[in-house]
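# Overview (structure and organization)
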Amino acid sequence: MQPNICGPQLRTLLILTLALATLATGSDAFACAACDSTLSRDWETQGISTKSGFSADLSYNYLNQNQQRYGASKASGALINNQLAAGQEVEAYTRTQTLTAALNYTGDAFALSIQLPFVNRTHGTYGATPPLGSNYATSSDNSIGDVRIISRYSGFSSEKTSGLIAGIKLPTGNTGATFSDGITPLDAGLQIGSGSTDLILGGYTSGSIKEYSWFVQGTVQHAVATDMAMGGLAYRPGDAYTLNTGIRYAEFGAKITPMLQLNIIKRQADTGAFTVPLDPVTGVPISGGTLAYLAPGVSIRAGGGMSVYGFVQLPIYQSVNSLQLVPQYTLTLGVRQSFE
């Protein structure tokens, strides 16, 4: 059945679309192991939406990387000082706030989502000169992130509970940010944009058991084309493999639905001569890793096709290459309007 959008619903859709467009002026594809949220925001069926029609979604994600980690352990002060003495840069924090606007359409067997992020990122580093903090520098950037266009096909069975995911990430984000001196370029892995065009491929399945519904969804993201960055030096973000699974409880009440997700990401190390720093002791790239989060959340139906939702991602496993910053939690809040 095709959606019938008219009157107040059409005006609301137009207002949302225009308002979200004005928010945009840089990319949410982040190259470090912990720079992005892996949370599945398509919460209507805990991963895959099957309700036909249009919907608009606006979500806010807060990510504060302020904990030093080396491998799978929290980095000690002695280890940090040893790495600094060997010539490795020691970062202080990276704080990323992302506002993502999405316009979605779900048909009988085909669905499409266009996702536009606006990213605010601040960063501080102690530098690579002992003693710690003697060469402190900061950066700040606000811009539209890398746009994602994601499609889904579920026509393999009459139940339409399983399907394929295919999409593309476009290099629309800024790659020219500098430190506060206005001269020194920000590291490629910390730029809001990755400068790459990426293919996104995956699949999903979902179902229900009594009052519980569940989903499993996996994707791989691979850069197929890259722009030159950092003064003409090549940079390519590493492949990212994500696995999301979750459940929701449908009998809690008519308006409140508690949910729980498990989010896992394995990000390969970035590549690029002089754009990806190496551990001065081990020689491995200082990027990439494997992280797992447990994400409790809730959605609340507000009436009129509108719902609000929130999740907190809590790390249960973090293993990174060399010395990197990781978050202690990630917060996601959002609102979705469905049009019938």
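Residues numbered from 1 in each chain as written. Predicted model: local features only at pLDDT ≥ 70, side-chain atom pairs only at ≥ 80, totals over all residues. Heavy atoms only, no water.

## Some details on the overall build of the chain
Stated precisely, the cut-off is as follows: Runs of E in the DSSP output that reach at least two residues are strands. Runs of H or I that reach at least four are helices, and both are numbered from the N terminus. Relative accessibility under 20% of the residue-type maximum defines a buried residue, over 50% an exposed one, and the middle range a partly exposed one, all with a 1.4 Å probe and only protein chains included. All accessible areas in this document rest on Shrake-Rupley with a 1.4 Å probe, and a residue is counted as covered only by the protein chains that are shown.
Looking only at helices and strands, one finds two helices and 15 strands in the chain. Of all 340 residues assigned to the chain, the portion counted as buried reaches 46%. With an accessible surface of roughly 15100 Å², the chain has 62% of that area assigned to carbon and sulfur atoms.

## A few points about the confidence of the model for the chain
A low pLDDT score tells you not to read the predicted coordinates there in detail. Counted only if it meets this: Looking at any residue, its pLDDT shows the predictor's confidence there, from 0 to 100. Two residues form a contact once any of their heavy atoms are found within 4.5 Å.
Here the chain shows a mean pLDDT of 86. Residues at 70 or above account for 84%. Per-element mean pLDDT across the chain ranges from 38 in helix α1 (residues 7–23) up to 97 in strand β5 (residues 137–144). Predicted confidence is poor over residues 1–31, with pLDDT under 50, and the contacts of this stretch with residues over four places away or in other chains come to 75 contacts.

## Some remarks on the pairing of strand β7 (residues 162–169)
Going by this rule: A pair of strands is treated as paired once DSSP finds two or more bridges between them.
Examined bridge by bridge, strand β6 (residues 148–153) and β7 share six bridges and lie antiparallel to one another. Each bridged residue has a counterpart across the sheet, and for Ser 151 the counterpart in β7 is Ala 166. Looking at chain direction, β7 and strand β8 (residues 196–209) are connected through eight bridges and run antiparallel. The residue bridging Ile 165 from the neighbouring strand is Gly 202, located in β8.

## Focus on the side chain of Ser 213
Along the polypeptide, Ser 213 turns up in strand β9 (residues 212–226). By relative accessible area, which is 14% here, Ser 213 ends up buried. Those residues in contact with Ser 213 that sit more than four places away from it in its chain are Gly 207, Ser 208, Gly 246, Ile 247 and Arg 248.

## Brief notes about the pattern of salt bridges
Here is the rule we go by: Any Lys or Arg side-chain nitrogen found within 4 Å of a carboxyl oxygen on Asp or Glu counts as a salt bridge.
Under the defined criterion, the tally for this structure stands at three salt bridges. Taking the shortest distance from any N to any O, the salt bridge between Arg 336 and Asp 57 comes out at 3.2 Å. Highlighted residues: Arg 336 in strand β15 (residues 306–339) and Asp 57 in strand β1 (residues 53–71), separated in sequence by 279 residues. The exposure class of Arg 336 is buried, given its relative accessible area of 6%. The salt bridge partner of Asp 146 is Lys 169, with a shortest N-O separation of 2.7 Å. You can see Asp 146 sitting in the loop between β5 and β6 and its partner Lys 169 sitting in strand β7, a full 23 residues away along the chain. Note on Lys 169: relative accessible area 0%, which makes it buried.

## With respect to the nonpolar core
Put simply, the test is: Residues grouped as a nonpolar core are buried Ala, Val, Leu, Ile, Met, Phe, Trp, Tyr and Cys residues, joined through side-chain atoms within 4.5 Å.
Ranked by size, the top nonpolar core spans six residues in total: Ala 240, Ile 265, Leu 291, Tyr 293, Val 320 and Val 326. Those elements that place two or more of their residues in this core are β14 (289–303) and β15. The contacts of Ile 265, once residues within four sequence positions are left out, are Thr 38, Ala 240, Tyr 241, Thr 242, Gly 289, Thr 290 and Leu 291.

## Notes on unusual backbone geometry
With the exception of glycine, the majority of residues adopt a negative phi angle, and the majority of peptide bonds are in the trans configuration. The amide bond that connects Pro 130 to the next residue, Pro 131, takes the cis arrangement and shows omega of -5°. By the element assignment, Pro 131 lies in the loop between β4 (110–127) and β5. Look at Lys 160: it is not a glycine, yet its phi comes out positive at around 55°. The residue Lys 160 is located in the loop between β6 and β7 in this model. Given a relative accessible area of 22%, Lys 160 falls into the partly exposed group.

## Describing the packing of aromatic side chains
In this description, a pair of aromatic rings is defined by centroid distance and the angle of the planes. Under the convention used in this document: For this analysis, a ring pair means two rings from Phe, Tyr or Trp (six-membered ring only for Trp) whose centres lie within 6.5 Å, classed as stacked if their planes differ by under 30 degrees, edge-to-face if by over 60, and tilted for the remaining angles.
With the rule as written, the count across this model stands at five aromatic pairs. With centroids separated by 6.4 Å and ring planes inclined at 35°, the aromatic side chains of Tyr 62 and Tyr 329 adopt a geometry described as tilted. With a gap of 267 residues between them, Tyr 62 in strand β1 and Tyr 329 in strand β15 connect regions that are remote in the sequence.

## Some thoughts on the pairing of β14
Judged from the 12 bridges that link them, strand β13 (residues 256–267) and β14 form a sheet pairing that is antiparallel. The partner of Arg 267 across the bridge, within β14, is Gly 289. As defined by bridge partners, β14 adjoins β15 across 12 bridges and the pair is classed as antiparallel. Pairing of Leu 291 across the sheet is with Gln 318, part of β15. Between β14 and β15, which pair antiparallel and follow one another directly, the connecting turn spans two residues, one of which, Gly 304, has a positive phi of 65°.

## Some words on the environment of Leu 260
With respect to the element layout, Leu 260 can be found in strand β13. Residue Leu 260 is classed as partly exposed on the basis of its relative accessible area of 34%.

## Things to note about helix α2 (residues 77–85)
Each α-helix turn comprises 3.6 residues. Residues three or four places apart therefore point the same way. Spelled out, the test is: As used here, the arc is the angular range of directions from the helix axis to the C-beta atoms.
All of the buried residues in α2 are Ile 80, Gln 83 and Leu 84. Buried residues of α2 fall within an arc of 100° about the axis and therefore sit on the same side. In α2, the exposed positions that point more than 90 degrees away from the buried face belong to Ala 78, Asn 82 and Ala 85. Downstream of α2 by one or two residues, Gly 87 has phi in the positive range, about 110°.

## Focus: a nonpolar patch on the surface
Filter applied, for reference: Residues forming no salt bridge and having over 30% relative accessible area are the ones grouped into patches, like charges within 9 Å of each other and nonpolar side chains (Val, Leu, Ile, Met, Phe, Trp, Tyr) within 5 Å.
On the surface, a cluster of nonpolar side chains totalling about 570 Å² of accessible area is made up of Phe 110, Leu 112, Ile 114, Tyr 153, Phe 156 and Leu 164. With three residues, the single largest contributor to the nonpolar patch is β4. Here Ile 114 shows up in strand β4.

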